[in-house]
Amino acid sequence: MKAAVDAAVARIGLWVGPEAGFAPDEVALFPEDCRIALGQNILRAETAGVFGVGLLVHLTRGAM
């Protein structure tokens with residue numbers, strides 16, 4: 001997966017939203033090519049940002 005991220009990603013964004021998910025009007029504000037995926041996982045707001053940044057660092061280590 002890291003190789004795919006290194007080769008394909010020109011910019012990365014991390015959005016942490018409410019437990020109920022983003023509203024359709026909020027999703028409409030995301031870039032068109034945005035991928036939103038954590039599967040079935042639901043994280044607490046207090047830990048979601050830390051987890052997301054850690055995951056991005058892991059996947060892009062050396063690419064940035």
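One can find the structure itself at the top, above this paragraph.
Residues numbered from 1 in each chain as written. Predicted model: local features only at pLDDT ≥ 70, side-chain atom pairs only at ≥ 80, totals over all residues. Heavy atoms only, no water.

## Focus on the overall build of the protein chain
For clarity, the threshold we go by: Secondary structure elements follow DSSP: runs of H or I no shorter than four residues count as helices, runs of E no shorter than two count as strands, and numbering proceeds from the N terminus. Using a 1.4 Å probe on the protein chains alone, a residue whose accessible area is under 20% of its type maximum counts as buried, one over 50% counts as exposed, and one in between counts as partly exposed. Here, residues are in contact when the closest pair of their heavy atoms is within 4.5 Å. The accessible surface values rely on the Shrake-Rupley method and a 1.4 Å probe; as for residues, cover is taken only from the protein chains in view.
Scanning the protein chain for helices and strands turns up three helices and zero strands. Its helices and strands taken in sequence order, the protein chain reads α-α-α from the N to the C terminus. Here the protein chain holds 64 residues, and the buried ones make up 9% of them. Relative to all contacts within the protein chain whose residues are 6 or more apart in sequence, the contacts with residues 24 or more apart total 62%. Here the protein chain displays about 5400 Å² of accessible surface, and carbon together with sulfur accounts for 60% of that area.

## A short note on the packing of aromatic side chains
Rules: Working definition: a ring pair exists when centres of Phe, Tyr or Trp rings (six-membered ring for Trp) sit within 6.5 Å. Plane angles under 30 degrees give stacked, over 60 give edge-to-face, the rest tilted.
In this structure the tally under the stated criterion is two aromatic pairs. Seen in terms of ring centroids, Phe22 and Phe30 are 5.1 Å apart; in terms of plane orientation they differ by 85°. Their pairing is edge-to-face. Of the residues examined, Phe22 reaches a relative accessible area of 29% and is grouped as partly exposed. A relative accessible area of 12% means that Phe30 is categorised as buried. Within the aromatic cluster, the residues linked to one another by ring pairs are Trp15, Phe22 and Phe30.

## Concerning the pattern of salt bridges
Short version of the rule: Any Lys or Arg side-chain nitrogen located within 4 Å of an Asp or Glu carboxyl oxygen qualifies as a salt bridge.
Summed over the entire model, instances satisfying the criterion amount to one salt bridge. The salt bridge partner of Glu46 is Arg44, with a shortest N-O separation of 3.2 Å. Take Glu46 and Arg44: they sit in the same class, and that class is exposed.

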